[in-house]
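# Breakdown of the fold
For reference, the chains in residue letters:
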Amino acid sequence: MSKLTSNLANIKNQIAACSPSNHNVQLLAVSKTKPLDMIREAYHSGQRLFGENYVQEAIEKIQSASDLTEIEWHLIGPLQSNKTKQVAEHFDWVQSIDRFKIAQRLNDQRPDNLPVLNVCIQVNISNEASKSGLTSEAVCELAAQISALPNLRLRGIMAIPAKTKDEQELDQAFSQLFEIYKNLQQEYSSVDTLSMGMSQDMAQAIKNGSTMVRIGSAIFGQRT
Ligand SMILES: *Cc1c(COP(=O)(O)O)cnc(C)c1O
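Note that the structure is predicted; figures quoted are calculated from it, not measured.

### A short note on the site of the ligand
Near the ligand you find Val30, Lys32, Asn53, Ile76, Ile160, Met198, Ser199, Arg214, Ile215, Gly216, Ser217 and Arg223, and these make up its full shell. For the ligand, an oxygen atom lies 2.7 Å from a polar atom in the side chain of Asn53. Computed on the free molecule, the ligand has an accessible area of 390 Å², of which 90% lies beneath the protein chains in the complex. Comparing atom positions with the cavity grids shows the ligand to sit within the largest pocket. Residues belonging to the shell around the ligand are distributed by class as follows: five nonpolar, four polar and three charged.

Structure representation (C-alpha cells):
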C-alpha cells in the first residue's frame, strides 16, 4: 500500500473512532499545492471530496480531472469578485463565503446546466478582540440573504479557529461554532454541514460536533 493510501485509511479509522455512531463525519481531502497524480490516487482509493484554496490552480486540476466523474470540488480559500465566474462554472461547493456580494455574483454566474452551488458561510470565531470576522448576528443576516438566491443552497458554516495549543480554548471556539450551526439549522432545512477540523485538531472538532473535516497534510504530506 502506498503512503497516501495508508494515510487515507488511517484518517478514516481515526474519524470512525472519534465519531459517535449516529453521527456521520465527511472527509474533505485538501489537495492545494499537491499534484493531480495524488488526487487521482486518492480518488482511486475511494476518496470523492476534494478541497482547493487557489482558484487558478484548482481550475487547472478540475479540467484535467474531468474523467473522475464522481469527484466533488470544494473551494475553501478566499474568493475575490473577479474570480467568481470561474468558480461558479467549475466548483460544486464554496465554503468561504463571507459577504453578500460574492454570493450574489456566484448565483448570477452559475450556469443553467449545472445543479445549484452548495455554499457555507465562513465564520471567524476568535477570542482575540482584535480579530475581525462574521459575528453570529452577521451570519444570520448573510444566511437570510443567501437563502433567497435560487442558484445557491446554504449548507452551513466553515471555520478555521485561531491556532492555539490550549485545548480548552479550542473546545470553546468549536462549541461556539456548534451553537451557531445549530441555530442556523433550526431556521433553514438545507443546513447540514459544520465544516471544522484540520490535520492538527480533527479529533477535537469531531468531539464538538463537526460534520466535515478538512484534511491536507495528514493525507498528502507536508506542503513546501
Ligand atoms: C490548508 C487548509 C486545510 C488543511 O490543512 P492541514 O493542516 O494540512 O490539514 C483545511 N482548511 C483550510 C481552509 C485550509 O486552507
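Alright, that's what it looks like, and here's the rest.
### Describing the pattern of salt bridges
Across all of its chains, the model carries eight salt bridges by this definition. Among the ionic pairs, Asp67 bridges to Arg40, the shortest N-O distance being 2.8 Å. With Asp67 in the loop between α3 (55-64) and β3 (72-75) and Arg40 in helix α2 (residues 36-44), this residue pair connects regions lying 27 residues apart in the sequence. With a relative accessible area of 49%, Asp67 lands in the partly exposed category. A residue is classified by how much of its surface remains accessible, and Arg40, at 22% relative accessible area, is partly exposed. Arg99 is paired through a salt bridge with Asp98; the nearest N and O atoms lie 3.1 Å apart. Here Arg99 falls in the partly exposed class, since its relative accessible area comes to 33%. Asp98 gets classed as partly exposed once you look at its relative accessible area, which sits at 38%.

### Some thoughts on the layout of surface pockets
For the largest pocket, the calculated volume is near 630 Å³. Lining the largest pocket are 23 residues, with Lys163, Met198, Ser199, Gln200 and Asp201 positioned closest to its centre. Those elements giving two or more residues to the lining of the largest pocket turn out to be α7 (167-187) and β8 (212-215). Residues that form the lining of the largest pocket fall into these classes: nine nonpolar, seven polar and seven charged. A volume near 210 Å³ is recorded for the second largest pocket. Forming the boundary of the second largest pocket are 14 residues, of which Ile62, Ile71, Trp73, His90 and Asp92 lie nearest the centre. For the lining of the second largest pocket, a count of residues per class yields eight nonpolar, three polar and three charged.

### What to know about the UniProt feature "modified residue: N6-(pyridoxal phosphate)lysine" (unreviewed entry) in the chain
Here, UniProt's "modified residue: N6-(pyridoxal phosphate)lysine" (unreviewed entry) annotation points to Lys32. Along the chain, Lys32 turns up in the loop between β1 (26-30) and α2. A relative accessible area of 14% means that Lys32 is categorised as buried. Non-local contacts of Lys32, meaning those with residues more than four positions away in its chain, are made with Gly51, Glu52, Asn53, Tyr54, Glu57, Lys61 and Arg223.

### Quick word on the packing of helix α1 (residues 3-18) against α2
Where α1 meets α2, the axes come as close as 10 Å, and the angle between the chain directions of the two elements is 50 degrees. Classified by the angle their axes make, α1 and α2 are oblique. Where α1 crosses over α2, the handedness of that crossing is right-handed. From α1, Leu4, Thr5 and Leu8 reach across to α2, where they touch Met38, Glu41 and Ala42.

### Observations concerning the packing of aromatic side chains
Taken as a whole, this structure holds two aromatic pairs when the rule is applied. Pairing Phe50 with Trp73 gives two aromatic rings, centres 6.0 Å apart and planes at 45 degrees, and the pair type is tilted. Placement of Phe50 in strand β2 (residues 49-52) and of Trp73 in strand β3 is noted, with a sequence separation of 23 residues between them. Of the two residues, Phe50 and Trp73, both sit in the buried class. Here Arg48 stacks its cationic end above the ring of Tyr43, 3.8 Å away from the centre of that ring.

Reading the values: rules and limits
Residues numbered from 1 in each chain as written. Predicted model: local features only at pLDDT ≥ 70, side-chain atom pairs only at ≥ 80, totals over all residues. Heavy atoms only, no water. Near = heavy atom within 4 Å. Polar contact = N/O pair within 3.5 Å; in protein donor to acceptor, adjacent residues only side chain to side chain. Areas by Shrake-Rupley, 256 points an atom, 1.4 Å probe, with all protein chains shown as cover. 1 Å grid on protein atoms, 1.4 Å probe; cavity = no way out; pocket = protein on both sides within 12 Å on 5 of 7 lines; lining within 4 Å. Sits in = over half its atoms within 2 Å of the grid points. Nonpolar A, V, L, I, M, F, W, Y, C, P; charged D, E, K, R; others polar. Salt bridge = Lys/Arg side-chain N within 4 Å of Asp/Glu carboxyl O. Helix = DSSP H or I, 4+ residues; strand = E, 2+ residues; numbered from the N terminus. Buried < 20%, exposed > 50% of the residue type's maximum accessible area, 1.4 Å probe, protein only. Points joined across faces, edges and corners; volume = space filled by probe spheres on them. UniProt positions renumbered as here; feature names shortened; annotations may be inferred. Contact = heavy atoms within 4.5 Å. Axes fitted to C-alpha atoms, helices over the stretch in contact; angles between N-to-C directions. Parallel < 35°, antiparallel > 145°, perpendicular 65-115°, else oblique. Left-handed = near helix turned anticlockwise from the far one by under 90°. Phe/Tyr/Trp six-rings, centres within 6.5 Å; stacked < 30°, edge-to-face > 60°. Lys NZ or Arg CZ within 6 Å of the ring centre and 35° of its normal.

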